[in-house]
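A look at the structure
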Amino acid sequence: MKALVLAGGSGMRLRPFSHSMAKQLMPIANRPVLEYVLLNIRALGVTEIGIIVGDRAQEIIDFAGDGSRFGARVTYIHQKRPLGLAHCVILARRFLADDDFVMYLGDNMLPHGVADIAEDFAARRPDAQVLVHKVADPRAFGVVELDVEGRVERLVEKPAEPRSDLGLIGVYFFTPAVHEAVASIEPSARGELEITDAVQWLVARGADVRASEYGGYWKDTGRAEDVLDCNRRLLESLQPGIAGEVDAHCRIDGAVVVEAGARVVRSRIEGPVIVGAGSVVEDSHIGPRTSIGRGCVLRRAGVAGSIVLDNASVSGFAGLHDSIIGRNASVSASARFSLVVGDDARVELPA
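Residues numbered from 1 in each chain as written. Predicted model: local features only at pLDDT ≥ 70, side-chain atom pairs only at ≥ 80, totals over all residues. Heavy atoms only, no water.

1. Some thoughts on the state of the cysteines
Applied cut-off: Note on terminology: disulfide denotes any pair of cysteine sulfur atoms within 2.5 Å. Exposure is judged per residue with a 1.4 Å probe applied to protein chains only, and the accessible area is read against the type maximum: over 50% gives exposed, under 20% gives buried, and values in between give partly exposed.
Considering all chains together, one arrives at zero disulfides under this definition. There is no disulfide at cysteine 296, and the cysteine sulfur nearest it, in cysteine 250, is 17 Å away. Looking at cysteine 296, the relative accessible area reads 0%, which means it is buried.

2. Focus on the pattern of salt bridges
Cut-off, in case you're wondering: Salt bridge, as used here: a side-chain nitrogen of Lys or Arg that lies within 4 Å of a carboxyl oxygen of Asp or Glu. The secondary structure listing takes helices from DSSP runs of H or I that are at least 4 residues long and strands from runs of E that are at least 2 residues long, numbered from the N terminus.
On inspection of all chains with the given rule, the structure shows 28 salt bridges. The partner of aspartate 107 in a salt bridge is lysine 23, and the shortest N-O contact between them spans 2.9 Å. Placement of the pair is aspartate 107 in the loop between strand S6 (101-105) and strand S7 (108-109) and lysine 23 in the loop between strand S1 (2-7) and strand S2 (27-28), with a sequence separation of 84 residues. Ionic pairing is found between glutamate 192 and arginine 190, a salt bridge with its closest N-O pair at 3.7 Å. Glutamate 192 sits in the buried class, given a relative accessible area of 18%. One network of salt bridges, with partners in common, ties together Glu157, Lys158, Arg190, Glu192 and Glu194.

3. Focus: the packing of aromatic side chains
Cut-off, in case you're wondering: Pairing of aromatic rings covers Phe, Tyr and Trp, the last counted by its six-membered ring, and requires centre-to-centre distances within 6.5 Å; plane angles under 30 degrees mean stacked, over 60 mean edge-to-face, and any other angle means tilted.
Scanning the entire structure with this criterion turns up five aromatic pairs. Aromatic pair phenylalanine 101 and phenylalanine 174: ring centres 5.5 Å apart, planes at 45°, arrangement tilted. Linking phenylalanine 101 in strand S6 with phenylalanine 174 in strand S11 (residues 166-174), this pair joins segments that are 73 residues apart in sequence. You'll find phenylalanine 101 and phenylalanine 174 in the same group, each marked buried.

4. Here we look at helix H6 (residues 177-184)
The condition is simple: Arc definition: it is the arc formed by the directions from the helix axis to the C-beta atoms. Only heavy atoms matter for contacts: two residues are in contact if any of them lie within 4.5 Å across the pair.
Taken together, the buried positions of H6 are Val178, His179, Ala181 and Val182. Across the axial projection of H6, the buried residues extend over an arc of 160°, all falling on one side. Of the exposed residues in H6, those oriented more than 90 degrees away from the buried face are Glu180 and Ala183. Buried residues along H6 sit against helix H3 (85-91), helix H4 (93-96), S6, S11 and helix H7 (195-204).

This is the structure in structure tokens:
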């Protein structure tokens, strides 16, 4: 089996951060989303990975390299314009050859992995097997309708009147049968070749198409609030470890990671919290479910439930909650909630 990772999206919903970084590289618990994706794929035993890249291709290439640090070999496939998920399969035809493959959206987080579903696919080998999850608003998803035996009966992209609450969540298993399907469909009203239309094409021709309901935690990290939710969830399983410097005047409670080269001085940290390498925390109170990136400086700060990206600084800011502070950004002054501060920004708020 091979893997096809889609990492070419522009990240419109994740602005302002996606102006200056590929959305697939947004850190969750100080590790890029794409890293979790690649590790999940490697856990399936897959070593041949194709990555679809777009306008921010070089950032993705700089991160993943040739794949060797993940124990894999990566092939990059360029998509000039976002013409749909099925179009990605067409572009990857030479790489995929006639092998079965898993297609994985590069901004989806499934921390528990998909190994059990991959095993089921390999054992039964249907023409296609899609992952679904019960969603609150099916109108925002590709929706799967099942027959009485649990096989896929119909797929509809963002239906106005959904007949099911089972939404597609961005992981698909295919045999080579999908290649005829993607070559046979027409662009949708938004001008894209939809993978839902390709799978529906298979269903309409009597192919064996199955759905597996994903029972673990899942999050599409396309919006700032979803990134924060996912960060909080992953930090819950943080394994504590102090490799940096923590002075005798600090109070450390719960699961806390202080990476090598980081310094914590006269501060209180309530885990789960991770403090990245080279960061300095002085005279501050860091509350639960917070990740601080590398090279950050926090002085006289109070931060909880937040993400502070690499090389950002927060000073004299006593009540920062549920916020994302961008790379190289600087924030100072009095309490605020739910801030989203983009990369390289400077924010000074009056007391």
